[in-house]
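# Structure assessment
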2 protein chains.
Amino acid sequence: MASEWDTHTALTATADGTHAVELDPGWVVGGGVNGGYLLGVVGTAIAEAVPARPHPLAVSAYYLSAARPGPAQVSTEVLREGGSVATVSAELAQDGVARIRVLATYGDLRAMPDDVATTAEPPQLPPLEDCVAGSLAPEETRRVAPVMERFDMRFDPACIGWAMGAPSGRGHIQAWFRMVDGHDVDPVGLLMVCDALPPVTFDLGRPGWAPTLELTVHVRAVPTPGWLRVSHRTRNVAGGMFEEDCEVWDSAGRLVAQSRQLAMQPRG
Amino acid sequence: MASEWDTHTALTATADGTHAVELDPGWVVGGGVNGGYLLGVVGTAIAEAVPARPHPLAVSAYYLSAARPGPAQVSTEVLREGGSVATVSAELAQDGVARIRVLATYGDLRAMPDDVATTAEPPQLPPLEDCVAGSLAPEETRRVAPVMERFDMRFDPACIGWAMGAPSGRGHIQAWFRMVDGHDVDPVGLLMVCDALPPVTFDLGRPGWAPTLELTVHVRAVPTPGWLRVSHRTRNVAGGMFEEDCEVWDSAGRLVAQSRQLAMQPRG
C-alpha cells in the first residue's frame, strides 16, 4: 500500500514541462500549509528532474507567500549536472503566485564515501513509553494544526512544559518521530521532518505562528528504518527573528539531517 | 578614501539590466576566487536591486563552478517585495558560465525590533597581542592564498596547531578579524567574513582545498565598528562532506552573523 506521504506528494507531469500536485488539507497549520510539506513536494520534483542523483544533499527554501490546500504547480530548472552532484532551481506556485523558491544540490548518498568522524551527540530522550504523545494535544491545538495528525510524535517530558503553560525558557524541544502510518522516512522525506515539530519559540513562552523566511536542510545519510529522534533549538532571538536549528538522528544513531531556519518571531 | 572592499565590489550597470564587475586577483585561493568575496559581490548587487531594504537577512549561495579573476556579470530578479522584506534571486556568471546562484531575503536591520534574548556565548579569545597573526603564515601558504592579504586576522593560539603540523582534532578555528585597510565591515561585508578563515578541516588534520557546495548566512544585526571575532566549527564529517558553522561577533559583544556551509572534504 502506498504511504500517505507518497500519496500526498504524488506529481503529475503536465504538457508545459511542469509538475501538477494537489496539496492535501491534512498539512494545514495556522493560516497556511506546512512549509516542510511544501519543501518535500518540491524535493520530490527535483529528484525526478535529476534521476541519477536522487538524494538531496543541500536544499534551501525561501518562503514567498502562504500556500493553501488544493492544486499547485512545481517547475524545475537544472542549473548544473555532472560529476557527483546536480544543482537545481525550483518553484512551487498556485494560480501563478509563487509560494516557495528553492535551490538544491542533489547526489547519490549511497555512492558517497562511508567514513564518519563526528563529535555531535544524539538527543538524549527517555524511552518511548515515558514520553508525551502529540495525540494528547488539546482539541483546540489539533483543530488549528491538522498537520499534527500526520505524525506519531513522542515529546521529551523535560521539553513539553509549554503545553501546560510552563515553558522551560531554554529554547529546546525534542521528540521521537515517525509517520502516523508507520511508513519509514526517505531522504526527501527528511526535508519535511526538519519542519515538523512545533516552533521552538513555544519553549520560550512565545506561542503563535512563526512564519519561516528561509529553511536550509543538509541530508547527510540515508536513514535506517525505524523511529527518528528530532531536536529543535534556538540560541538567538533578535531583530524580531530567531534561528531554529534542527537535527534528525536515525535508529542506528546516525545524524541523518541538519537544518537551520530563520523565522519571524511570533507577535503573540 | 574608498575602502579596498568597496573598490573590489564596485558594480557598473550595463545596458541589458545586469551589473558588470571586475573580480580582483587579490581574492584568489587555491584554484579559484574566494566564495565569500563572490557572495559579497552578489550581495552588493542585490542591495542595489531593493534599495529600501538594504541589508541581507538570509542569503543562500550554491556554487556551480570555480570563478577566475577578471570580468563577471551579476543578474538579479526580484521575486517578492513588500512589507518588511524583499526576496531576490541572483546569479554571477563569467562569459555565460554560471559561477554561483543565490537566493536572498533582504530587509532593514535598523527598522527591526531591538529586543535581544540570546543564550549564545561569544568566542573566548586571548587578547589581540597574544594571538597569532595571519601575516606570519609561511610564504608558500600566502602564495596559494593571496586572499589572506585582504584581512588582518589574529588566530587563537589554542586553535592554530595545524599551522605547525599539530592540529587539535576538535574541528575548531577562531580569530580576531578586520579588513587589512582598517575599514569596518558592513552587513553585506559579513557575507564575506563568514567564508574568510581557513577551512575548519585544517584543525582535523585534513589540509587542502574544501570546495563549498552551499553556504547560507543569516545577518542578525548591523555590526558595531571595531574588531570582529569569528569562530568556525564542524561536528560531522560524513559522506565525503562536512558542515562548517560560523559565528561572527562584533566589538559590542553581539552575534551579528551566523552561517553554515556544506563543503566537500579535502582529498588530502
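Note that the structure is a prediction, hence the values are computed from the model and not measured.

## What to know about the overall build of chain A
Looking only at helices and strands, chain A features 4 helices and 17 strands. Computed over C-alpha atoms, the radius of gyration of chain A comes to 18 Å, within 12% of the 18 Å expected from 2.2 N^0.38 for 268 residues, which places it in the range of a compact globule. Taken along the three principal axes of its C-alpha coordinates, chain A extends 50 × 45 × 45 Å. Buried positions account for 58% of the 268 residues belonging to chain A. In chain A, of all internal contacts separated by at least 6 residues, the share reaching a separation of at least 24 is 70%. Roughly 10,200 Å² of accessible area belongs to chain A as shown, and the carbon and sulfur atoms make up 53% of that amount. Placing the 20 positive and 32 negative side-chain charges of chain A at their respective mean positions leaves the two points 5 Å apart.

## Examining the packing of aromatic side chains
The geometry of two aromatic rings is summed up by the distance between their centres and the angle between their planes. Per the stated rule, a full pass over the model turns up 14 aromatic pairs over all chains. Judged by centre distance (4.6 Å) and plane angle (15 degrees), the ring pair of Trp 27 of chain A and Tyr 37 of chain A falls under stacked. With Trp 27 of chain A in the loop between β2 (19-23) and β3 (28-29) and Tyr 37 of chain A in helix α2 (residues 35-49), this residue pair connects regions lying 10 residues apart in the sequence. Each member of the pair, Trp 27 of chain A together with Tyr 37 of chain A, is buried. Ring geometry for Trp 5 of chain B and Trp 27 of chain B: centres 5.7 Å apart, planes at 65 degrees, overall edge-to-face. Of the two residues, Trp 5 of chain B sits in helix α1 (residues 4-8) while Trp 27 of chain B sits in the loop between β2 (19-23) and β3 (28-29), which places them 22 residues apart along the sequence. Exposure remark for Trp 5 of chain B: the relative accessible area of 10% places this residue in the buried category.

## Considering the relation of the copies chain B and chain A
For the pair chain B and chain A, the relating rotation is 180 degrees, the translation along its axis is 0.0 Å, and the fit reaches an RMSD of 0.0 Å. As the rotation angle and translation indicate, the two copies are arranged about a two-fold axis. Identified as the residue of chain B closest to the rotation axis by C-alpha distance is Ser 60 of chain B, at 3.4 Å. When the interface residues of chain B are mapped onto chain A, 100% of them are again interface residues, pointing to one common binding face.

## Focus on the pairing of strand β5 (residues 55-63) of chain B
Residues and elements named next belong to chain B. The buried fraction of β5 amounts to 9 of the 9 residues, a majority that puts the element mostly inside the structure. In this structure, β5 lies alongside strand β8 (residues 97-107), joined through 8 bridges in antiparallel fashion. Looking at the pairing, Val 59 lines up with Ala 104 of β8. One ladder, built from 5 bridges, connects β5 with strand β13 (residues 212-219); its direction is antiparallel. Residue pairing across strands places Ala 58 opposite His 218, the latter belonging to β13.

## A short note on the interface of chain B and chain A
Tallying the contact residues gives 55 residues for chain B and 55 residues for chain A. Where chain B abuts chain A, roughly 4,600 Å² becomes buried across the two surfaces, and 51% of that area is made up of carbon and sulfur atoms. For the chain B face of the interface with chain A, the top three residues by lost area are Tyr 62, Arg 220 and Arg 235 of chain B, together amounting to 17%. Linking chain B with chain A are 6 salt bridges, by the criterion used here. We note a salt bridge from Glu 247 of chain A to Arg 235 of chain B, for which the minimum N-O separation is 2.1 Å. Our count for the chain B to chain A interface comes out at 32 residue pairs in polar contact (both at pLDDT 80 or more). Counting residues per element, the side of chain B that touches chain A draws most heavily on strand β17 (residues 255-264) of chain B, which supplies 7 residues. Each residue belonging to the side of chain B that touches chain A can be placed in one class, and the counts come to 24 nonpolar, 17 polar and 14 charged. Note: strand β9 (residues 116-118) of chain A against strand β15 (residues 236-238) of chain B, 3 bridges, orientation antiparallel. Its bridge partner being in β15 of chain B, Thr 118 of chain A is matched across the sheet by Asn 236 of chain B.

## Regarding the environment of Leu 255 of chain B
When you line up the elements, Leu 255 of chain B lands in strand β17. According to the relative accessible area criterion, Leu 255 of chain B is buried, its value standing at 4%. Along the backbone, Leu 255 of chain B and Leu 228 of chain B are 27 residues apart, and their C-alpha atoms lie at a distance of 9.9 Å. Setting aside residues up to four positions removed in sequence, Leu 255 of chain B forms contacts with Asn 236 of chain A together with Ala 120, Arg 220, Glu 247, Val 248 and Trp 249 of chain B.

## Re the state of the cysteines
Residues and elements named next belong to chain A. One pass over the structure, following the stated rule, counts 0 disulfides over all chains. Cysteine Cys 159 is unpaired, with the sulfur of Cys 131 as its nearest cysteine sulfur at 9.5 Å. Judged by relative accessible area, which is 2%, Cys 159 ranks as buried.

## Let's talk about α2 of chain A
The terminal C-alpha atoms of α2 of chain A, which comprises 15 residues, lie 21 Å apart, in line with the 21 Å expected from a rise of 1.5 Å per residue. Burial within α2 of chain A is extensive, with 13 of its 15 residues counted as buried.

## Here we look at unusual backbone geometry
The phi angle of most residues is negative, glycine excepted, and most peptide bonds adopt the trans form. Look at Asp 95 of chain A: it is not a glycine, yet its phi comes out positive at around 50 degrees. Assessed through its relative accessible area of 73%, Asp 95 of chain A is described here as exposed.

Analysis parameters
- Residues numbered from 1 in each chain as written.
- Chains lettered and ligands numbered in written order.
- Predicted model: local features only at pLDDT ≥ 70, side-chain atom pairs only at ≥ 80, totals over all residues.
- Heavy atoms only, no water.
- Helix = DSSP H or I, 4+ residues; strand = E, 2+ residues; numbered from the N terminus.
- Rg over C-alpha atoms; globule rule 2.2 N^0.38 Å.
- Buried < 20%, exposed > 50% of the residue type's maximum accessible area, 1.4 Å probe, protein only.
- Contact = heavy atoms within 4.5 Å.
- Areas by Shrake-Rupley, 256 points an atom, 1.4 Å probe, with all protein chains shown as cover.
- Lys, Arg positive; Asp, Glu negative; His and termini not counted.
- Charge placed at Lys NZ, Arg CZ, Asp CG, Glu CD.
- Phe/Tyr/Trp six-rings, centres within 6.5 Å; stacked < 30°, edge-to-face > 60°.
- Least-squares fit on C-alpha atoms with pLDDT ≥ 70 in both.
- Pairing = 2+ DSSP bridges.
- Buried area = accessible area lost by both parts, 1.4 Å probe.
- Salt bridge = Lys/Arg side-chain N within 4 Å of Asp/Glu carboxyl O.
- Polar contact = N/O pair within 3.5 Å; in protein donor to acceptor, adjacent residues only side chain to side chain.
- Nonpolar A, V, L, I, M, F, W, Y, C, P; charged D, E, K, R; others polar.
- Disulfide = S-S within 2.5 Å.
- Expected span 1.5 Å × (residues − 1).

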